[in-house]
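Residues per chain, in single letters:
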Amino acid sequence: LKINYFFAIVELMTDRSYLGEFELMLLLAVIHLGEEAYGVPISRELEAHRGRSVSVGSVYAALERLEAKGMVASSLGDPTPERGGKAKRYFRITKAGLRQVHETRRVLSKLWKTLPEPKWERI
Amino acid sequence: MKRDHPPSLATWMLEHSTPFGVDEALSGDLLEEFRAGRSIGWYWRQVVAACVVSWLGALRARMHLLVFALLWSMLAPAWKVLCDRIQDSQSLNHAWEIVGGLWVLPAFAVWAVLHSTFLWAGMLVYILCHACLGKAFRGKHVRRAFLVAPLIFSPIYGVTFVLANLYWYSVFANATLAPTPLGQIGDLRLLADVMRIPYFIALLCPLWAAIPRSTRNSQPLFIQSAPTESSLSFASTLDPFTLRRFFGLMVGAGLINAMLIAFLLCRLPGSHAPDFASLLIRAIGYVAVGALAGVGGTWLYWKSPSSPFREHPPLPFTLFALVSAAGWVWVPSMVIFSEQISAATAFIAMIGAFVLASGMRSATYFVFAPANRSLSFPEQGGAELFTESLHRSPTELHAYGIAIGLYTAGAALFTRSNYAAAAFLAFSAYLFAWKQTFVPIHDSDNKTQYKRAAIRLALVVLPAILVTVWALLDGVAHRNHEEISPAPAASNEQPHPDTKFASSAIGSDGYESIILLPRPEKKQIVAPLTAHTSLLAPATSRPLVIRFNGAYWYFQSPGKRPGPEAHRAHDNPLAVNIESSNFIPLITEAHQSLGSAIPLARCREIQVVIENRDRSPGAVALAVLLTDSVSPAKPALYLGQQPVSQAGKDRLAPRSAPVSEVLSFSIPDHAKIRRFDEITVMLLPDVEHSFVGPKIAIQQFNLLPR
């Protein structure tokens, strides 16, 4: 990275563009759920595929980080009685998020292809 | 049975125990899941996890603030000591006497203002650092933080004081802070840490709500467009080679001038225990002198008739001066460290070169604009989705130069060649900064360049002053340590093989160190002290007289004794001229071994009889150190110092007989040693006299019984 102030190197390094494992799962869940992507179904989706419990708070924290990076956008829905009058917060993936997901998949696929076929599958 | 309501305590925790307040959507999601059949335990786990995640997120968002508050509060003990000195000053005491019984109010006001100044300065530095990163605070938050900090400091200070005395009174009763400001800053004992607590909290709380916002998000990182018309306002008619040559000449002239002036003017304070305020003022002066000298040297060449910059300046001189001054401010600290033969010289040179090159590259980028057109930046935004367009970096030859410079500097540091290490590290840093500095094209107009140079200089000045203070403190501490370091055993013993430092202080000519042994007097018989000497005999009142027959040591810092190559000669200090030939102060000591130990409790006073023929300018003090060399730790007792009389010090007077003088040193009743078998006399000249060995000879010691 080239920047005129060396102080800024720190900041740019923290704004890394690659995705973590949990972030990638979240983005894929948001893509899969489409218009119905809010906290509850996202958490259920992750639980179903990961096979273990997920903290809704950590889901929101990660989604807020992704929103700050511009990879997802959120909007509040209408309040409903079964939620105690609390509104749902719907998430949708942005163009930048979609690009990042594909870029991550491309890199991961290339990396997987470089590996030899696991021997344990033949046994 | 279907439950409709989750545990109310958990819900209350969710709504009140998170730093930002509860997210409505999160609480709604948890409620929805709970009503869908989740257990109470699940709800509790989710609430606790949400609180933990929320707090971790809040701390993560304020990591910079936490680290900064921690670092700034490290300075608090030194600041508090300074405040205490100011409050205890005589002028303020007179003012309180005038006020009379209401002195408490103005005294509290002064106390509050002093400590608030520290907090405000910290907040200002924090905000300025973020401004450099392109992050801005809301004005409302900043104003509130500046207002709140002094208001909450007083109660926090009071509570800390009360609690600390309640729980650790026994610890604090005998605790003291380190004597020097640097020691106070680095003091990590309980007393200093407790002092830091109110400052840490008073910095953290007001700035907690102030989250900086990035002001650069709307700006693309890389701009591919051509330079605008305003960006080319610095373009010159000179060819790039001439430009580079003369810019190099200007930088070189400034550097040489700054170093010359720094070598001539930057000196350690004469006092052995200077206060922080005087060191700070001295450091500010030195930094200003370094910057002005560098700029002045550049100005002379810039305006010389042979300079092409005189008629066709490629950029305004004031801008060049602002940019280059950010490098020259490091020169004084570098010079002071170099006089102590410290490896810090190299690292200071590296920092200065980096700052200088970074600023110079930024300011002169568009001067070399035609040559820089070949520079291209990786295209980030143009990559199509799903395409494979990884940027492949070209081979960069300058990286080899940087690496070679770094390795060579490391080798030079290993061999204690600090100047060579400084040169190579500075070269590497300069090259790195020059090659790695990117100048956004949209920030190229004159106003932005001036603003950026001024901000860079302002940001660099404070660290440069602090580093200069550090250099001064280190120099004074080093000098004091050399002066009171315990003397080794016998004067004629072989030097210790570990004394590598002594040989590093070799001058350009002459000897690395000198051991001067008195000429043996005819018919002189010096019997060793025995158990039946008068001093040891009970109820005696006769003093014990010991004729000096030891050696005089002349060596230089950072050595602690003459090196293995020391020149040995038989002569009297009154008859020889010994001077430093490498601008490093001389250390002069006289060592007398007693042969057997003397109980300290039987000795009331030591009189040192000297002969003085010293006519060099400057004062000399004489200090005495008693050492118990028999004990494994070789403990020593410092008896203090006495000024040597200046009478008869007339340089124009003809060579005359030496003046005899007796200096008395009382021995305390209780000391950390019980006996001594060595007497070390240290001759402590002031700065003016420090390069010449004093013409003072020790005649004898009179030990008065108690």
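Residues take numbers from 1 onward in each chain, read along the sequence in its written order. Key to labels: chains lettered from A, ligands numbered from 1, both in the order written. Local features in this predicted model are restricted to residues whose pLDDT is 70 or higher, and side-chain atom pairs enter the listing and the counts only when it is 80 or higher, whereas totals over whole chains, interfaces and linings include all residues. Remark: hydrogens and water are excluded; side-chain values derive from all non-hydrogen atoms of the structure.

(A) Region of interest: the overall build of chain A. Numbering of helices and strands starts at the N terminus; helices are DSSP runs of H or I of at least 4 residues and strands are runs of E of at least 2. When you go through chain A residue by residue, the secondary structure sums to five helices and two strands. Taken from N to C terminus, the helices and strands of chain A fall in the order α-α-α-α-β-β-α. For every residue, the accessible area obtained with a 1.4 Å probe (protein chains only) is divided by the maximum for its type, and the residue is called buried under 20%, exposed over 50%, and partly exposed between those limits. When each of the 123 residues of chain A is scored for burial, the buried share is 39%. Within chain A, contacts between residues separated by at least 24 positions form 51% of all contacts whose residues are at least 6 apart in sequence. Note on areas: Shrake-Rupley with a 1.4 Å probe; residue coverage comes only from the protein chains shown. As displayed, chain A has an accessible area near 7,500 Å², and 59% of this comes from carbon and sulfur atoms. The contact criterion used throughout is that any non-hydrogen atoms of two residues lie within 4.5 Å.

(B) Here's a closer look at the overall build of chain B. Across its full length, chain B holds 20 helices and 13 strands. Here chain B holds 706 residues, and 46% of them are scored as buried. Put simply, 83% of the contacts in chain B that link residues at least 6 apart link residues at least 24 apart. Carbon and sulfur atoms make up 64% of the accessible area of chain B, which amounts to about 35,800 Å² in all.

(C) Structural context of the sheet that holds strand β8 (residues 603-612) of chain B. All names here are of chain B. Pairing within the open sheet is antiparallel, and its four strands lie in the order β4-β13-β8-β11. Looking at strand neighbours, the two that pair on one side only are β4 (544-547) and β11 (659-666), the edges of this open sheet. Strand-to-strand twist in this sheet, taken as the mean axis angle between neighbours without regard to direction, amounts to 20 degrees. Here, strands pair whenever DSSP counts at least two bridges between them. Here β4 pairs with strand β13 (residues 696-705) via four bridges, running antiparallel. Bridging from a neighbouring strand, Leu544 pairs with Leu703 of β13. Every angle, taken between N-to-C directions, lies between 0 and 180 degrees, and every axis is a line fitted to C-alpha atoms, over only the stretch in contact when it is a helix.

(D) Inspection of the environment of B:Ala209 at higher detail. Residues and elements named next belong to chain B. If you trace the backbone, Ala209 turns up in the loop between α10 (190-208) and β2 (213-214). With relative accessibility at 42%, the residue Ala209 sits in the partly exposed group. Residues Ala209 and Arg62, spaced 147 residues apart in sequence, show a C-alpha to C-alpha distance of 9.5 Å.

(E) Highlighting the nonpolar core. Residues and elements named next belong to chain B. Trp302, Phe320 and Trp330 are the most contacted members of the largest nonpolar core, which has 64 residues in total. At the level of elements, α11 (240-265), α12 (276-302), α13 (317-328), α14 (331-339), α15 (344-364), α17 (397-414), α18 (418-436) and α19 (446-484) are the ones that each hand at least two residues to this core. The dominant element in this core, judged by the number of residues it contributes, is α15, at eleven residues. For Phe320, the residues in contact, after removing those within four places along its chain, are Phe247, Met250, Val251, Thr298, Trp302, Leu315 and Met360. Residue types Ala, Val, Leu, Ile, Met, Phe, Trp, Tyr and Cys, when buried and joined through side-chain atoms within 4.5 Å, form a set referred to as a nonpolar core. Within the second largest apolar cluster, 39 residues are counted, among which are Phe548, Leu586, Val608 and Val644.

(F) Highlighting the sheet that holds strand β3 (residues 514-517) of chain B. Residues and elements named next belong to chain B. Taken in spatial order, the seven strands make up an open sheet running β6-β3-β5-β7-β12-β9-β10, and their pairing is mixed. Strands with a single pairing partner mark the edges of an open sheet, and in this sheet they are β6 (567-570) and β10 (636-643). Between one strand axis and the next, the sheet turns by 20 degrees as a mean value, whatever way the strands run. Bridging between strand β5 (residues 551-556) and strand β7 (residues 586-599) involves six bridges; their strand directions are antiparallel.

(G) Spatial organisation of the environment of A:Tyr90. Topologically, A:Tyr90 is positioned in strand β2 (residues 86-93). For the pair A:Tyr90 and A:Leu76, spaced 14 residues apart in sequence, the C-alpha to C-alpha distance is 6.1 Å.

(H) Molecular detail of the environment of B:Ile261. Residues and elements named next belong to chain B. Mapping Ile261 onto the fold places it in helix α11. Classification of Ile261 as partly exposed rests on a relative accessible area of 25%. The residues contacting Ile261, other than those within four sequence positions of it, are Cys266, Val289 and Ala293.

(I) Here's a closer look at the packing of aromatic side chains. Residue and element names in this part refer to chain B. Any pair of Phe, Tyr and Trp rings, taking the six-membered ring for Trp, is counted once the centres come within 6.5 Å. Such a pair is stacked with planes under 30 degrees apart, edge-to-face with planes over 60 apart, and tilted for the rest. All chains considered together, the criterion is met by 23 aromatic pairs over all chains. Considering the side-chain rings of Trp72 and Phe118, the 5.5 Å spacing of their centres and the 35 degrees angle between planes classify their relative orientation as tilted. Taken together, the residues Trp72 in helix α4 (residues 63-74) and Phe118 in helix α7 (residues 104-132) connect sequence positions 46 residues apart. By relative accessible area, Trp72 is classed as buried at 14%. Classification of Phe118 as buried rests on a relative accessible area of 5%.

(J) Fine view of the confidence of the model for chain A. All names here are of chain A. pLDDT measures the predictor's confidence residue by residue and takes values from 0 up to 100. Of the residues in chain A, 80% have a pLDDT of 70 or more, and the chain-wide mean is 81. Within chain A, helix α1 (residues 8-14) has the poorest average pLDDT of any element, 39, and helix α2 (residues 21-33) the best, 93. Note on residues 1-16: pLDDT under 50 across the span, and 32 contacts to partners over four residues away in sequence or across chains.

(K) Just the packing of α11(B) against α12(B), in detail. Residue and element names in this part refer to chain B. For the pair α11 and α12, interaxial distance at closest approach is 7 Å and the crossing angle is 140 degrees. With respect to their mutual orientation, α11 and α12 come out oblique. As for the relative orientation of α11 and α12, their crossing is right-handed in sense. Along the contact surface, α11 presents Phe247, Leu249, Met250, Ala253, Gly254, Asn257, Ala258, Ile261 and Leu265, while α12 presents Tyr286, Val289, Gly290, Ala293, Gly294, Gly296, Gly297, Thr298, Tyr301 and Trp302. For this classification, the nonpolar set comprises Ala, Val, Leu, Ile, Met, Phe, Trp, Tyr, Cys and Pro, the charged set comprises Asp, Glu, Lys and Arg, and every other residue, Gly included, is treated as polar. The residue makeup of the contact of α11 with α12, split by class, is twelve nonpolar, seven polar and no charged. In what follows, roughly perpendicular refers to angles from 65 to 115 degrees, roughly parallel to angles under 35, roughly antiparallel to angles over 145, and oblique to any angle outside these ranges. By definition, turning the near helix anticlockwise from the far helix through less than a right angle yields a left-handed crossing, and turning it clockwise yields a right-handed one.

(L) Layout of helix α3 (residues 40-61) of chain B. Helix span, as expected, comes to 1.5 Å for every residue beyond the first. With 22 residues, α3(B) should cover 32 Å at 1.5 Å per step; its first-to-last C-alpha distance of 31 Å lies within 8% of that length. Among all positions of α3(B), only B:Trp42, B:Tyr43, B:Gln46, B:Val47, B:Ala50, B:Cys51, B:Ser54 and B:Ala58 are buried. The buried side chains of α3(B) occupy one side of the element, clustering within an arc of 170 degrees when seen end-on. α3(B) presents B:Arg45, B:Leu56 and B:Arg60 as exposed residues on the side facing more than 90 degrees away from its buried surface. Those residues of α3(B) that are buried lie in contact with α4 (56-68) of chain A together with α1 (8-16), α2 (24-35) and α10 of chain B. Throughout, the arc means the angular range of directions from the helix axis out to the C-beta atoms.

(M) Region of interest: the pattern of salt bridges. Residues and elements named next belong to chain B. Here, a salt bridge means any Lys or Arg side-chain nitrogen found within 4 Å of an Asp or Glu carboxyl oxygen. Overall, the coordinates contain 15 salt bridges over all chains when judged by the stated rule. In this structure, Glu33 and Arg38 form a salt bridge, with 3.1 Å as the shortest nitrogen-oxygen distance. Exposure remark for Glu33: the relative accessible area of 3% places this residue in the buried category.

(N) Fine view of the confidence of the model for chain B. All names here are of chain B. Overall, the prediction assigns chain B a mean pLDDT of 78, with 80% of residues at 70 or greater. Low pLDDT (under 50) marks residues 216-235, which in the prediction has 43 contacts with non-local residues, meaning those over four places away or in another chain. Below a pLDDT of 50 lies the segment residues 486-509, which in the model reaches 55 contacts outside its immediate sequence neighbourhood of four places, other chains included. For this predicted complex, the interface score ipTM comes out at 0.81, alongside a pTM of 0.43.

(O) Seen up close, α17(B). All names here are of chain B. Between its first and last C-alpha, α17 extends 26 Å over 18 residues, near the 26 Å set by a 1.5 Å rise per residue. Inspection of α17 places His398, Ile402, Gly405, Ala409 and Ala412 among the buried residues, and these make up the whole buried set. Projected down its long axis, α17 carries its buried residues within an arc of 90 degrees, all on one side. Seen from the buried face of α17, the exposed residues on the opposite side, beyond 90 degrees, are Leu397, Tyr400, Ile404, Tyr407 and Phe414. Tucked inside the fold, the buried residues of α17 contact α18. At the exit of α17 stands Arg416, carrying a positive phi of roughly 65 degrees.

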